[in-house]
Amino acid sequence: MDIVVTGRHVNVSDRFRQHITEQLAKVTQLAPRTRRVEVMVSHEPNRRQAKACERVEITCHDKGPVVRAEASADDKTVAFDH
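These numbers were taken from a predicted model, which means no experiment stands behind them. (Residues numbered from 1 in each chain as written. Predicted model: local features only at pLDDT ≥ 70, side-chain atom pairs only at ≥ 80, totals over all residues. Heavy atoms only, no water.)

Draft legend 1. The arrangement of the overall build of the protein in detail. Within the protein, the secondary structure is distributed over three helices and four strands. Reading the protein from its N end, one meets helices and strands in the order β-α-α-β-β-β-α. Here the C-alpha atoms of the protein give a radius of gyration of 13 Å, agreeing with the 12 Å that 2.2 N^0.38 yields for 82 residues. Expressed along its principal axes, the backbone C-alpha trace of the protein runs to roughly 40 × 25 × 20 Å. In the protein, of all internal contacts separated by at least 6 residues, the share reaching a separation of at least 24 is 45%. In the structure as shown, the protein presents an accessible area of about 5,900 Å², 46% of it carried by carbon and sulfur atoms. Once the 14 positive and 12 negative side-chain charges of the protein are each reduced to a mean point, those two points are 3 Å apart. (Helix = DSSP H or I, 4+ residues; strand = E, 2+ residues; numbered from the N terminus. Rg over C-alpha atoms; globule rule 2.2 N^0.38 Å. Contact = heavy atoms within 4.5 Å. Areas by Shrake-Rupley, 256 points an atom, 1.4 Å probe, with all protein chains shown as cover. Lys, Arg positive; Asp, Glu negative; His and termini not counted. Charge placed at Lys NZ, Arg CZ, Asp CG, Glu CD.)

Right under this line is the structure:
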């Protein structure tokens, strides 16, 4: 399974990449045919959305349907865990 982590308007640290890889290793237990997982980490610079400025989007590509999830929080680790 390939895990691709990209950042938009934010630098993704090696520590956060390692956390993502450890957590997404469990995906193969739920969906063993998953081929690729894409993680997009982005930052919203709008001051009105300060409590939800970090957004994490996860897309799982499988032989069947594509599964997608997203969450926002004030910290990217919290958004990823949601």
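After presenting the structure, the write-up continues.
Draft legend 2. Summary view of the nonpolar core. Core analysis: the biggest nonpolar cluster contains 15 residues, and I20, L24, V39, I58 and F80 have the highest contact counts within it. At the level of elements, helix 1 (14-24), strand 2 (36-43), strand 3 (54-61) and helix 3 (76-81) are the ones that each hand at least two residues to this core. Those residues in contact with I58 that sit more than four places away from it in its chain are V37, E38, V39, V67, R68, A69 and F80. (Core = buried A, V, L, I, M, F, W, Y, C linked by side-chain atoms within 4.5 Å. Buried < 20%, exposed > 50% of the residue type's maximum accessible area, 1.4 Å probe, protein only.)

Draft legend 3. The arrangement of the environment of K76 in detail. Mapped onto the fold, K76 is located in helix 3. Note: C-alpha distance between K76 and P45 (31 residues apart in sequence) is 14 Å. Look past the residues within four positions of K76 in its chain and what remains in contact with it is V10, N11, V12, F16, V41, E54 and V56. At a separation of 3.3 Å, a polar atom in the side chain of K76 contacts the main-chain carbonyl oxygen of N11. (Polar contact = N/O pair within 3.5 Å; in protein donor to acceptor, adjacent residues only side chain to side chain.)

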